[in-house]
Amino acid sequence: MSTLGSHPGAILFRLIMMIFLILIFMYVFLIYVEKAEKAIEIQSIEQTKRIIDGALVIAFATHATSGKLDELDQLDGGNPFELLKEYLMLPASYHGETEVSDPKTLPSGWHYDLNSGDILFVPFYLSEIQVFRIKLGYVDTNKNGSFEAADDEFRRLSLEKKQPR
């Protein structure tokens, strides 16, 4: 009785099929890994944003309880990583303050641009640089362009996403 294994070239056929299946599985795995890396990076950005927003709430509460609400204007466009440093919550991917005209030359991770007051996230896996800024939201009732706790109505202090550069 003749079996499939006894035909000439059967071992070579099995070997080629195994290699072909292994290559397909590796291709599918690498596509999954690429999508997972991007999803993890997006979650990392969102987590850092939540931590910064929490630090901004604490900064507001600290200013409010110490009677220094007029100093909230200094936080507008400021470096939130200085707040995180106080609370020992600095992200491992924070590279510090920088003055750069082309953010694409920066290493991957978080940066604070001293020139613009922007917070930059240069991605590891995503395609474009993420840009954020601390915004002090208030109603300027006396129309002088700066926040004064006695006259203006405070709305929020938050980290807002800007258009990419």
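Notes on the structure in this doc start here.

What counts, and where the lines are drawn
Residues numbered from 1 in each chain as written. Predicted model: local features only at pLDDT ≥ 70, side-chain atom pairs only at ≥ 80, totals over all residues. Heavy atoms only, no water. Core = buried A, V, L, I, M, F, W, Y, C linked by side-chain atoms within 4.5 Å. Buried < 20%, exposed > 50% of the residue type's maximum accessible area, 1.4 Å probe, protein only. Helix = DSSP H or I, 4+ residues; strand = E, 2+ residues; numbered from the N terminus. Contact = heavy atoms within 4.5 Å. Pairing = 2+ DSSP bridges.

**Comments concerning the nonpolar core**
And then number 1: Among the nonpolar cores identified, the biggest contains 22 residues, and Phe-81, Trp-110, Ile-119 and Leu-157 are the most heavily contacted of them.
And then number 2: In terms of residues, this core owes the most to one element, helix H1 (residues 10-65), which gives five residues.
And then number 3: Each residue touching Trp-110, except ones within four places of it in the same chain, is listed here: Ile-45, Thr-48, Phe-81, Pro-91, Ser-93, Tyr-94, His-95, Gly-96, Ile-119, Leu-120, Phe-121 and Phe-132.
And then number 4: Counting six residues, the second largest nonpolar core, distinct from the first, contains Val-100, Val-122, Ile-129 and Val-131.

**Considering the pairing of strand E2 (residues 109-113)**
And then number 1: The element E2 is largely enclosed, with a buried count of five among its five residues.
And then number 2: Pairing geometry for strand E1 (residues 94-98) and E2, over three bridges, is parallel. Within E2, the residue paired with Thr-98 across the bridge is Asp-113.
And then number 3: Both E2 and strand E3 (residues 119-122) contribute to a ladder of four bridges, which runs antiparallel. Following the sheet pairing, Gly-109 is matched in E3 by Val-122.
And then number 4: Joining the antiparallel neighbours E2 and E3 is a turn of five residues, in which Gly-117 adopts a positive phi near 80°.

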